[in-house]
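A look at the structure
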Amino acid sequence: MLTLAETAAAHGVCNDTIKAWRRAGIVGGQRYNDKGEYLYTPPDTDEPPDRPTIGRPPKRS
């Protein structure tokens, strides 16, 4: 199990993104203390998570 910072570094994203991905079910996590902090499952290097597309779609000419 990895901490929030270790998981974010492994995926190349920020901590808030990992928190959002956990809430969306993209990455798995297990709460481990009374502060609401989670430990996350290590990323699978063979199958990275599907990154959700957010924001406005690109303009088409």
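You'll find the protein chain entered in an unreviewed UniProt entry as HTH merR-type domain-containing protein, with Rhodococcus jostii given as the organism.

Looking now at the nonpolar core. Buried together is how nonpolar side chains tend to be arranged in soluble globular proteins. One finds Leu4, Ala8, Val13, Ile18, Trp21, Val27 and Tyr40 forming the largest nonpolar core, which totals seven residues. At the level of secondary structure, the elements contributing two or more residues to this core comprise α1 (4-11) and α2 (15-24). Once you skip the residues sitting within four places of it in the chain, tyrosine 40 turns out to touch Met1, Leu2, Thr3, Leu4, Thr7, Ile18, Lys19, Arg22, Val27, Gly28 and Gly29.

Inspection of the secondary structure puts threonine 7 in helix α1. On the basis of relative accessible area, threonine 7 is assigned to the buried category, the value being 1%. The contacts of threonine 7, once residues within four sequence positions are left out, are Leu2, Ile18 and Tyr40.

Among the structural elements, leucine 4 can be located in helix α1. Taking the C-alpha atoms as reference points, leucine 4 and isoleucine 18, separated by 14 residues in sequence, lie 7.2 Å from one another. When sequence neighbours within four positions are dropped, the list of residues in contact with leucine 4 reads Asn15, Ile18, Lys19, Tyr38 and Tyr40.

The rules behind each value
Residues numbered from 1 in each chain as written. Predicted model: local features only at pLDDT ≥ 70, side-chain atom pairs only at ≥ 80, totals over all residues. Heavy atoms only, no water. Core = buried A, V, L, I, M, F, W, Y, C linked by side-chain atoms within 4.5 Å. Buried < 20%, exposed > 50% of the residue type's maximum accessible area, 1.4 Å probe, protein only. Helix = DSSP H or I, 4+ residues; strand = E, 2+ residues; numbered from the N terminus. Contact = heavy atoms within 4.5 Å.

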